[in-house]
Amino acid sequence: MSTYRLSNLLAPAAVAVIGASPRPASLGRAVLENLRSAGFKGEIGVVNPRYPEIGGFKTVRTLAELPFVPDLVVITAPSRSVAKIVGDAGERGVAGAIIISAEMGRGKGSYAEAANVAARKSGIRLLGPNCLGLMVPASNLNASFAAHMPRRGHLALISQSGAIAAGMVDWAAVKDIGFSGIVSIGDQLDVDIADMLDYYAADLETRAILLYIEAITDARKFMSAARAAARVKPVVVVKSGRLAHGAQAAATHTGAFAGADAVYDAAFRRAGMLRVFDLRELFDCAETLGRVSAPRGKRVAILTNGGGIGVLAVDRLAELGGIPATLSKDVCDKLNATMPPSWSGSNPVDITGDADAERYATALSTLLADPDNDAVLVMNVQTAMASPSEIAKSVIRLVGEERVRRTFFKPVFAVWVGAEEFVTHAFDAAGIPNYPTEDDAVRSIMNLVRYREAAQLLTEVPPSLPKEFDPDTEAARLVIEKALAEGRSWLDPIEVGALFAAYQIPMVPTLAAPNADAAVAWAEPFLAQGVTVVVKVMSRDITHKSDVGGVVLNLTSVEAVRSAVVDILDRAARLRPKARIEGVIVQPMIIRRKARELTVGIADDPTFGPVIAFGHGGTAVEIIDDRSLALPPLDLPLANSLIARTRVSKLLQAYRDVPAVKDGAVALTLVKLSQMAADFPQIHELDINPLLADESGVVVIDARVMVRKAQRKFAGLGNTTFAVKPYPSQWERHLEVKDGWRVLARPLRPDDEPAIHEFLKHVTPEDLRLRFFAAMKEFSHAFIARLTQIDYARAMAFIAIDEATGETLGVVRIHSDSIYESGEYAILLRSDLKGKGLGWALMKLIIEYARAEGLKYVCGQVLRENAAMLRMCRHLGFEAKADHSEPDILNVTLALTEASARAAAQA
């Protein structure tokens, strides 16, 4: 249900506590006292049939007896009574309920299910059960049993653990860090992490979002919300259970790679979130994000009075991927003129142990003015020759002055080793992130850098795929359907070859032989050409052939082939007596002496669906343990990023007498596998090992593919297994436009950004004003990226292309509301193409899409002066009503009924 009614839940005008007790240690009493002590300005009611007064509040026996309707109720009553309370609250018109009560159970017949059923009848939102509650300092709302109320600030914390939320509140109280909200979501019966991400992404008070996650229940919803939030502000996540894994029963190398935490890591990375690994890092991120913005780069200047700690900071910076800033000759000259001769002369800028406040301020001023660094880390080790507190005051004073003077102020970080408490408080009050050690500071700086890089990656424009990549999906479908019709889970080697051929993935010729005679017959043509052969055991029950001596290489004669086959079959039958052995595979021996052995594949995660794996291949793949995962769909930049996260990626470059692997060959193979997974959700696991890669390209030597009937994981049309909804190719259309004009309409893709830039040059300023309700003088990359990088799980945009010229003619889009009930449309055409029927065709297409997706309404806002758009809307069945808050705007709405469908068909 996303953000539906969450504003009432988080900013209520009135609150009622149900189940409060006069006992000082009771949950209800704690919540009631917190509501009072936080200074909540609205009405507070208390419902309890047993006591006439609790904590100075008069009580009523039932919710119906309250003289007002609360927006929010906090339920601390016994679990068995929660469902009735929720039902009563919904009937009274309450918007939301916090269920503090634990022991609600899960699943069919539980108290939790009963409460959820009661809530669905009225649309009341439920937070919890088994949660701490929520705190919203801006509303003076503390509807929790936490020990402290945080001050107002710009961080939002969303936590599955009440204890973590309470701990963060306690820490923030000491560090003077403020929050826009702290929400403990508990068991996520209704309101979940994705809902809160959507809410705080749009919240102007929130500058960054912190997450504590134990498990995700709806991966597509989570990924959609996380990607949207990370585009507009930093999202930092810590997840527990990192050592739990789900690969024990995996049937392939790829399946063994895809442990649960590795997949979560891939999901966080794909969403553009910043992952940290413990509470200390989460606290440090709160310290940093609560005070400064991310630096523009990763060049860090370090100012210190101690050489040793400076070197440690530089070492840690380099280890984490940062760059120690280089001091230019001009900067060195300025420092030479003001620092003692014994200063270090380079970065770290060590101004010696007797440095006083004036020397620190002079050096810091020079570094802040230097354009060759992106951030400054100031460190101080206490000495008897200068006052650390006076030095801190001079740093604080200078930073304050520089913030006022500069439009963009590069962030400054502080480490005062062994600092007294008042020094730390002074830095806190000045908004300067400060840390006890150089390691904490450098990690925090690099976390900001990682966030900036992740945000930039989200807006990158991927190159288009080669036009020659045109998979034969029909041929692939026949292969998969044949295996499923025969009740088989594994494709045989010949079928694997056919599947790969359909997706233009080169594979060594592979021939199946049931016995030695057949193997010899297949081998003879290769041997006659002087090509040696390899034979391998063929069995769906033997995962790793080498484990049973099931691979024999470099066979040079018929006799050698016959002997090898007999030995392989005998040995396999002896070592794996229960295995079904179909025979052997015969392949020509591929000799690529300088090729790298890689492994690539597809695994299926129970939470996030298909994942793409890449790593170092060969028989020691698990021992080497060099791999990385990514959520599909992949484009070439995402594929290259996946490769770059492995150690073997360095071997793909040229070294000594070994030429580099053909540019883009491995990345394109990963993209092809991603497309295969999108086209065929029946593929459960796929493992290529090895994939040989060298200067001539790639070739598959061995592969296994497991198929099963497609499992529906997520709601919607098309592929329902991807956590990130893939490009919906089924919505490509050839539109019928006047005079036989041939127009292709297809879903918008990120690589359409250049086309959109060119298209906007053909739209007049007046038409742009009518579309955007404001004058538009220029369109930045960030603006166009937001238009072209569509989250197909919550929005759709169609681009219209002239089939003859390839020119972009128009764009129509729709974005659903938070409960996926209605969608707001927008349309823009080239100004020289009006009156040719293209606008009608695109509007009919977007209405068709909305109806297929299950939306109930299509709505939009149109300027009163836009007569052409209003005329078209009325003809299509839209109803126009005045917008009382904006007299120049009309709200148009189309109810997606059968009658509107007939009207659209006739238009």
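Residues numbered from 1 in each chain as written. Predicted model: local features only at pLDDT ≥ 70, side-chain atom pairs only at ≥ 80, totals over all residues. Heavy atoms only, no water.

Considerations on the overall build of the protein
Assigned secondary structure in the protein consists of 29 helices and 38 strands. For 907 residues, the compact-globule estimate of 2.2 N^0.38 gives 29 Å, and the C-alpha radius of gyration of the protein, at 32 Å, lies within 12% of that figure. Taken over the C-alpha atoms alone, the protein extends approximately 95 × 85 × 65 Å along its principal axes. With 907 residues in all, the protein has 55% of them scored as buried. Sequence-distant contacts in the protein: of pairs separated by 6 or more residues, those separated by 24 or more amount to 71%. Carbon and sulfur atoms provide 53% of the accessible area of the protein, an area that totals close to 38,300 Å². Side-chain charges of the protein comprise 101 positive and 105 negative groups, with the mean position of each set lying 3 Å from the other. (Helix = DSSP H or I, 4+ residues; strand = E, 2+ residues; numbered from the N terminus. Rg over C-alpha atoms; globule rule 2.2 N^0.38 Å. Buried < 20%, exposed > 50% of the residue type's maximum accessible area, 1.4 Å probe, protein only. Contact = heavy atoms within 4.5 Å. Areas by Shrake-Rupley, 256 points an atom, 1.4 Å probe, with all protein chains shown as cover. Lys, Arg positive; Asp, Glu negative; His and termini not counted. Charge placed at Lys NZ, Arg CZ, Asp CG, Glu CD.)

Remarks on the sheet that holds strand E5 (residues 72-75)
Strand order in this open sheet of 7 strands is E3-E4-E2-E1-E5-E6-E7, and the pairing throughout is mixed. The strands lining the two open edges of the sheet, one partner per strand, are strand E3 (53-54) and strand E7 (125-127). In this sheet, strand E6 (residues 96-99) lies alongside E5 in parallel orientation, the contact comprising 4 bridges. Residue Leu72 lies in a different strand from E6, and its bridge partner there is Gly96. (Pairing = 2+ DSSP bridges.)

Considering the pattern of salt bridges
In this structure the tally under the stated criterion is 57 salt bridges. The shortest N-O distance in the salt bridge between Asp439 and Arg316 comes to 2.5 Å. Taken together, the residues span a long stretch of sequence, with Asp439 in helix H16 (residues 438-458) and Arg316 in helix H11 (residues 307-319) at a distance of 123 residues. Between Asp702 and Lys545 there is a salt bridge; the shortest N-O distance is 3.0 Å. Highlighted residues: Asp702 in the loop between strand E29 (697-700) and strand E30 (703-707) and Lys545 in the loop between strand E22 (533-538) and strand E23 (551-555), separated in sequence by 157 residues. (Salt bridge = Lys/Arg side-chain N within 4 Å of Asp/Glu carboxyl O.)

A closer look at the confidence of the model for the protein
When pLDDT is averaged across the protein, the result is 90; 96% of the residues are at 70 or more. Confidence scores differ between elements of the protein, with helix H8 (residues 253-257) showing the lowest mean pLDDT of 45 and strand E15 (residues 299-304) the highest of 98. Taken as a whole, residues 245-258 scores under 50 in pLDDT and shows 42 contacts with residues more than four places along the chain or in a different chain. (pLDDT = per-residue confidence, 0-100.)

Let's talk about the sheet that holds strand E37 (residues 879-882)
Spatially, E31-E32-E33-E34-E35-E36-E38-E37 is the arrangement adopted by the 8 strands of the open sheet, whose pairing is mixed. Unpaired on one side and paired on the other, strand E31 (733-736) and E37 mark the two borders of the sheet. Put simply, the sheet's adjacent strands are angled 25° from each other on average, direction ignored. Relative to strand E32 (residues 742-747), E31 runs antiparallel, the two sharing 4 bridges. Within the sheet, the bridge partner assigned to Glu736 lies in E32 and is Arg742. The sheet strands contacting helix H24 (residues 753-760) are strand E33 (795-802), strand E34 (808-816) and strand E35 (822-829), and the helix crosses E34 at an angle near 115°. The strands touched by helix H25 (residues 765-772) within the sheet are E34, E35 and strand E36 (857-863), with E35 carrying the most contacts at an inclination of about 180°. (Axes fitted to C-alpha atoms, helices over the stretch in contact; angles between N-to-C directions.)

A word on the nonpolar core
Formed by 65 residues in total, the largest nonpolar core has its most connected members in Met196, Leu197, Leu211, Phe222 and Phe608. Aside from chain neighbours lying at most four places away, what touches Phe222 is Ile193, Ala194, Leu197, Leu211, Ile213, Ile216, Phe268, Met273 and Phe608. With 56 residues, the next largest nonpolar core counts Met796, Ala800, Leu870 and Cys873 among its residues. (Core = buried A, V, L, I, M, F, W, Y, C linked by side-chain atoms within 4.5 Å.)

Some thoughts on helix H27 (residues 838-852)
Two residues of an α-helix separated by three or four positions point the same way, owing to the 3.6 residues in each turn. With 15 residues, H27 ought to run about 21 Å at 1.5 Å a step, and its terminal C-alpha atoms sit 21 Å apart, in line with that. Following H27 by one or two positions, Gly854 has its phi on the positive side, about 90°. (Expected span 1.5 Å × (residues − 1).)

A short note on the packing of helix H13 (residues 357-369) against helix H14 (residues 388-405)
It is at 8 Å that the axes of H13 and H14 come closest, and there the two elements cross at 30°. If you check the angle between H13 and H14, you find them roughly parallel. As H13 runs across H14, the sense of the crossing is right-handed. Contacts from Ala357, Tyr360, Ala361, Leu364, Ser365 and Leu368 of H13 reach H14 at Glu390, Ile391, Ser394, Val395, Leu398, Val399 and Glu402. Classifying every residue of the contact of H13 with H14 by side-chain character gives 9 nonpolar, 2 polar and 2 charged. (Parallel < 35°, antiparallel > 145°, perpendicular 65-115°, else oblique. Left-handed = near helix turned anticlockwise from the far one by under 90°. Nonpolar A, V, L, I, M, F, W, Y, C, P; charged D, E, K, R; others polar.)

Looking at unusual backbone geometry
Put simply, Gly128 and Pro129 share a cis peptide bond, and its omega is 0°. Tracing the sequence through the fold places Pro129 in the loop between E7 and strand E8 (133-136). With omega at 5°, the peptide bond leading from Asn689 into Pro690 counts as cis. Looking at the element boundaries, Pro690 is found in strand E28 (residues 683-694). A positive phi is found at Asn130, a non-glycine position, where the angle reads about 60°. Structurally, Asn130 is set in the loop between E7 and E8. Despite not being glycine, Arg656 has its phi angle at roughly 45°, a positive value. Take Arg656: it is sitting in the loop between helix H22 (636-644) and helix H23 (665-679).

A few points about the side chain of Asp694
Tracing the chain through its elements places Asp694 in strand E28. Among the polar contacts listed, one links the side chain of Asp694 to the side chain of Arg592, at a separation of 3.4 Å. Other than its neighbours up to four places away in sequence, Asp694 contacts Arg592, Lys594, Ala595, Arg596, Ala660, Val661 and Lys662. (Polar contact = N/O pair within 3.5 Å; in protein donor to acceptor, adjacent residues only side chain to side chain.)

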